[in-house]
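Single-letter residue listing:
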Amino acid sequence: VQLVESGGGLVQAGGSLRLSCAASGSTYNINTMGWYRQAPGKQRELVADISSGGILVNYADSVKGRFTISRDKLKNTMYLQMNSLKPEDTAVYYCNAVWYSDYDGKYYTFWGQGTLVTVSS
């Protein structure tokens, strides 16, 4: 499974961005997908994740009410709509996918290369 993020950039505080994560390869067994972020000098943290069917979603407290995660299984793409951005949202945002192997019955985690989001004050 390959994951490619896009949509990052520079935005002023209060602005919006929409991140996309396109999955390719053996996408049929992708389970949960999620967005993580890592700010300079900080650990990577979960921003939001979404179940295989797109019904169950989970958000970090810091982004609740501002960010919306979604996925389009037909397009093998996940999105993160980010509104009311704050300078503290500045980070590299990573796409994550949990993939189930029919071969060995194990779950594997895949990561994208990351996309930088910079929010200026």
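All values derive from a computational prediction rather than experimental measurement.

Definitions and limits used
Position numbers for residues count from 1 along each chain, tracking the sequence in the order it is written. Since the coordinates come from a predicted model, pLDDT governs what is reported: local features require at least 70, and pairs of side-chain atoms require 80 or more to be given and counted, while whole-chain, interface and lining totals use all residues. Computation of side-chain values: all heavy atoms of the structure, hydrogens and water removed. The term nonpolar core refers to a set of buried residues drawn from Ala, Val, Leu, Ile, Met, Phe, Trp, Tyr and Cys, joined through side-chain atoms within 4.5 Å. Any residue under 20% of the maximum accessible area for its type is buried, any over 50% is exposed, and the rest in between are partly exposed; the area is computed with a 1.4 Å probe on protein chains only. Each helix is a run of DSSP H or I of at least 4 residues and each strand a run of E of at least 2, with the numbering of both proceeding from the N terminus. By definition in these notes, contact holds between two residues if any of their heavy atoms fall within 4.5 Å. Pairs were defined over the aromatic rings of Phe, Tyr and Trp, the Trp ring being its six-membered one, requiring ring centres within 6.5 Å. Orientation was assigned from the angle between planes: stacked under 30 degrees, edge-to-face over 60, tilted for the rest. Note: two strands are recorded as paired if DSSP finds a minimum of 2 bridges between them. Residues adjacent in sequence count toward polar contacts only when both atoms are side-chain atoms; beyond that, a polar contact is any pair of N or O atoms within 3.5 Å, and within protein one must be able to donate a hydrogen and the other to accept it.

1. Focus on the nonpolar core
With 30 residues, the main nonpolar core has Met33, Trp35, Leu80, Met82 and Tyr93 as its most contacted residues. Within the residue set of this core, elements represented by two or more residues are strand E3 (17-24), strand E4 (30-38), strand E5 (45-50), strand E7 (67-72), strand E8 (77-82), strand E9 (91-100) and strand E11 (115-120). Here this core takes five residues from E9, the largest share from any one element. Once you skip the residues sitting within four places of it in the chain, Tyr93 turns out to touch Glu5, Leu19, Trp35, Tyr36, Arg37, Val47, Phe67, Leu80, Met82, Gly114, Thr115 and Val117.

2. Some words on the packing of aromatic side chains
Counting across every chain of the model gives four aromatic pairs. Seen from their ring centres, Tyr36 and Trp111 are 5.0 Å apart, and the 70 degrees between their planes marks the pair as edge-to-face. With Tyr36 in strand E4 and Trp111 in strand E10 (residues 107-111), this residue pair connects regions lying 75 residues apart in the sequence. Given the relative accessible area of 37%, Trp111 is considered partly exposed.

3. Considering the pairing of strand E1 (residues 2-6)
Within a regular strand, side chains alternate between the sheet's two faces. Burial of E1 is one-sided: the residues Leu3 and Glu5 facing one way are buried, the residues Gln2, Val4 and Ser6 facing the other way are not. Alignment of E1 against E3, held across five bridges, turns out to be antiparallel. Residue pairing in the sheet places Ser6 in a bridge with Ser20 of E3.

4. Some points on the environment of Gly41
Looking at the secondary structure, you find Gly41 in the loop between E4 and E5. Gly41 sits 41 residues away from Met82 along the chain, and the two C-alpha atoms are 22 Å apart.

5. Side note on unusual backbone geometry
Positioned with a positive phi, Asn76 is a non-glycine residue whose angle comes to about 55 degrees. Within the secondary structure layout, Asn76 lies in the loop between E7 and E8. Here Ser84, not a glycine, exhibits a phi torsion of approximately 50 degrees, which is positive. Mapped onto the fold, Ser84 is located in the loop between E8 and E9.

6. What to know about the environment of Phe67
Structurally, Phe67 can be placed in strand E7. What makes Phe67 buried here is its relative accessible area of 3%. On a C-alpha basis, the gap between Phe67 and Gly14 in space is 12 Å, while along the polypeptide they are 53 residues apart. Setting aside residues up to four positions removed in sequence, Phe67 forms contacts with Arg37, Val47, Tyr59, Leu80, Gln81, Met82, Asn83, Leu85, Asp89 and Tyr93.

7. Some remarks on the side chain of Thr77
Tracing the chain through its elements places Thr77 in strand E8. A distance of 2.9 Å separates a polar atom in the side chain of Thr77 from the backbone oxygen of Lys75. Setting aside anything within four residues of it in sequence, one finds Thr77 in contact with Ser20, Cys21, Ala22, Arg71 and Asp72.

8. A look at the environment of Asp89
If you trace the backbone, Asp89 turns up in the loop between E8 and E9. Taking the C-alpha atoms as reference points, Asp89 and Lys106, separated by 17 residues in sequence, lie 33 Å from one another. Ignoring anything within four residues of it in the chain, the contact list for Asp89 reads Arg37, Arg66, Phe67, Ser84, Val117 and Val119.

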